[in-house]
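Report on the structure
Now for the letters of each chain:
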Amino acid sequence: MKKQWLYGLLIVLVASMAAVACAPPGPRALTVMTHDSFDVSEAVVAEFEQSNNVKLNFLKSGDAGSALNKAILSKGNPLADVFFGVDNTFMGRALEADIFEASTSPASVPENLMAYTQGKLTPVDYGDVCLNYDKAYFKSIAPPQSLDDLLKPEYKGLLVVENPATSSPGLAFLFATIAQFGDPGYLEFWKALRANDVKVVDGWETAYYTDFSGSSGKGPRPIVVSYASSPPFEVYFSEGKLTEPPTGVVVGPGACFRQIEYVGVLKGAKNRDLAFKFVDYMLGVRFQEDIPLKMFMYPANPSAQLPEVFIQFAVKPLAPATLDPEMIQKNREVWLERWIEAVLR
């Protein structure tokens with residue numbers, strides 16, 4: 001009787017072990033560090049998770065500069081497998097810190113977006129920081145057409161900008177003025193802008209929603225530093241209340257700065273194979289077509305179709321300003337210190 005009982009117990013144990021051995025493994029975890037403005041549809045995330053038996057964890061880590069600092073400080077023992085959100089204003093710092101694996105970007109990425117990446121970063125999206133204006137205010141007078149126009153008496157007290165030391169679009173606009181006027185010419189422009197009563201605030205949300213008159217905030221200033229995608233942004237989020245955007249975009253000489261955002265696999269990634277798969281997925285049409293209405297940037301993959309609201313209302317400057325990321329890395333702190341001295345003190 002005892003032998004039969006032991007034999008039965010053995011059969012149950014063997015069967016249990018076989019069931020465990022045959023059970024599919026649980027999903028692996030892939031951590032993606034991003035800036036706070038990163039956004040993606042749940043359905044797009046779920047598609048990658050299901051196809052690769054993985055759970056995606058997004059680690060939002062502040063603005064682009066703060067997130068990059070955290071990635072650099074954790075070099076050797078990274079907090080994530082993938083980093084998204086370093087842009088061309090911080091690329092030099094990222095490459096100098098040598099925190100990314102070498103990678104091969106998909107053939108779908110245009111060559112002009114690949115400049116300076118050293119084969120370690122892959123462009124995911126791009127957009128333009130530009131001057132926006134309130135169309136209603138400028139029915140009786142012409143809106144500015146260039147940076148130089150901002151210094152004219154008729155535009156005194158009309159402009160609000162973001163502090164480049166605390167704001168990504170503010171920093172991009174500072175670089176636009178450096179690209180246009182050179183160094184030290186940009187300082188003379190900013191001193192004249194200060195004399196023409198420019199207002200400086202800490203961040204985009206305050207500038208756009210509190211001080212700018214062309215947004216829902218209905219502030220007192222009709223010119224703001226924002227994005228070329230502000231018009232479709234306004235129409236889309238009006239939920240049918242607007243058929244035309246209340247904002248216009250200044251696309252004249254030097255008025256816009258091209259931002260490109262990149263993704264890279266961090267050295268020491270725990271799930272290196274999945275990390276490269278996710279980078280490829282971000283460049284695929286499914287993910288790329290999600291970008292415009294989630295982050296209001298343009299997809300890097302030209303095969304991605306734009307939503308109708310972008311086709312109708314987004315503005316693409318013909319010649320947005322750019323700067324060599326190595327030049328930015330070499331001079332960023334000095335440029336900022338001189339700007340603070342000229343504008344805030």
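Residues numbered from 1 in each chain as written. Predicted model: local features only at pLDDT ≥ 70, side-chain atom pairs only at ≥ 80, totals over all residues. Heavy atoms only, no water.

Turning next to the overall build of the chain. Along the chain, the regular secondary structure elements total 13 helices and 10 strands. Dimensions of the chain along its principal axes, counting C-alpha atoms only, are 105 × 45 × 35 Å. Within the chain, residue pairs in contact and separated by at least 24 positions form 75% of the contacts whose partners lie at least 6 positions apart. A total accessible area of about 16300 Å² is found for the chain, and carbon and sulfur atoms account for 55% of it. In the chain, which carries 31 positive and 39 negative side-chain charges, the distance between the mean positions of the two groups comes to 6 Å. (Helix = DSSP H or I, 4+ residues; strand = E, 2+ residues; numbered from the N terminus. Contact = heavy atoms within 4.5 Å. Areas by Shrake-Rupley, 256 points an atom, 1.4 Å probe, with all protein chains shown as cover. Lys, Arg positive; Asp, Glu negative; His and termini not counted. Charge placed at Lys NZ, Arg CZ, Asp CG, Glu CD.)

Applying the stated criterion across every chain yields a total of 14 salt bridges. Notably, a salt bridge pairs lysine 267 with aspartate 98, separated by 3.0 Å at the nearest N-O pair. Remark: aspartate 98 occurs in the loop between helix H4 (91-97) and strand E4 (122-134) and lysine 267 occurs in the loop between strand E9 (256-265) and helix H9 (272-283); sequence separation between them is 169 residues. A relative accessible area of 35% places lysine 267 in the partly exposed class. The partner of glutamate 341 in a salt bridge is arginine 345, and the shortest N-O contact between them spans 2.9 Å. Each member of the salt-bridge network shares a partner with another, and the members are Asp98, Lys120 and Lys267. (Salt bridge = Lys/Arg side-chain N within 4 Å of Asp/Glu carboxyl O. Buried < 20%, exposed > 50% of the residue type's maximum accessible area, 1.4 Å probe, protein only.)

Moving on, we come to the state of the cysteines. Each disulfide consists of one covalent bond between the sulfur atoms belonging to two cysteines. Under the defined criterion, the tally for this structure stands at one disulfide. A disulfide bridge connects cysteine 130 with cysteine 256, and the sulfur atoms are separated by 2.1 Å. On the sign convention where negative means left-handed, the S-S torsion of about 120° between cysteine 130 and cysteine 256 marks this disulfide as right-handed. Note that cysteine 130 is positioned in strand E4 and cysteine 256 in strand E9, a separation of 126 residues in sequence. Take cysteine 130 and cysteine 256: they sit in the same class, and that class is buried. (Disulfide = S-S within 2.5 Å.)

This part takes up the packing of aromatic side chains. Within the structure shown, the criterion is met by 31 aromatic pairs. Where phenylalanine 175 meets tryptophan 335, the ring centres are 5.8 Å apart and the plane angle is 65°; that geometry is what we call edge-to-face. On the criterion of sequence distance, the pair formed by phenylalanine 175 in helix H5 (residues 168-181) and tryptophan 335 in helix H13 (residues 325-343) is long-range, its members being 160 residues apart. Considered together, phenylalanine 175 and tryptophan 335 belong to a single accessibility category, that of buried residues. In this arrangement the basic side chain of lysine 316 is found over the ring face of tyrosine 298, its NZ or CZ atom lying 4.6 Å from the centre. (Phe/Tyr/Trp six-rings, centres within 6.5 Å; stacked < 30°, edge-to-face > 60°. Lys NZ or Arg CZ within 6 Å of the ring centre and 35° of its normal.)

Moving on, we get to the environment of aspartate 202. When you line up the elements, aspartate 202 lands in the loop between strand E6 (199-201) and helix H7 (204-211). Overall, the relative accessible area of 54% leaves aspartate 202 in the exposed class. C-alpha of aspartate 202 to C-alpha of cysteine 256: the two residues are 54 residues apart in sequence and 20 Å apart in space. Contacts of aspartate 202, omitting those with residues within four sequence positions, involve Asn163, Thr166 and Ser167.

For the bond running from aspartate 183 to proline 184, omega is 20°, close enough to zero to count as cis. With respect to the secondary-structure elements, proline 184 resides in the loop between H5 and helix H6 (185-195). Non-glycine residue aspartate 98 carries a positive phi angle of around 55°. On the basis of relative accessibility, which here comes to 27%, the residue aspartate 98 falls in the partly exposed class. Positioned with a positive phi, tyrosine 116 is a non-glycine residue whose angle comes to about 75°. For tyrosine 116, the location among the structural elements is in the loop between H4 and E4.

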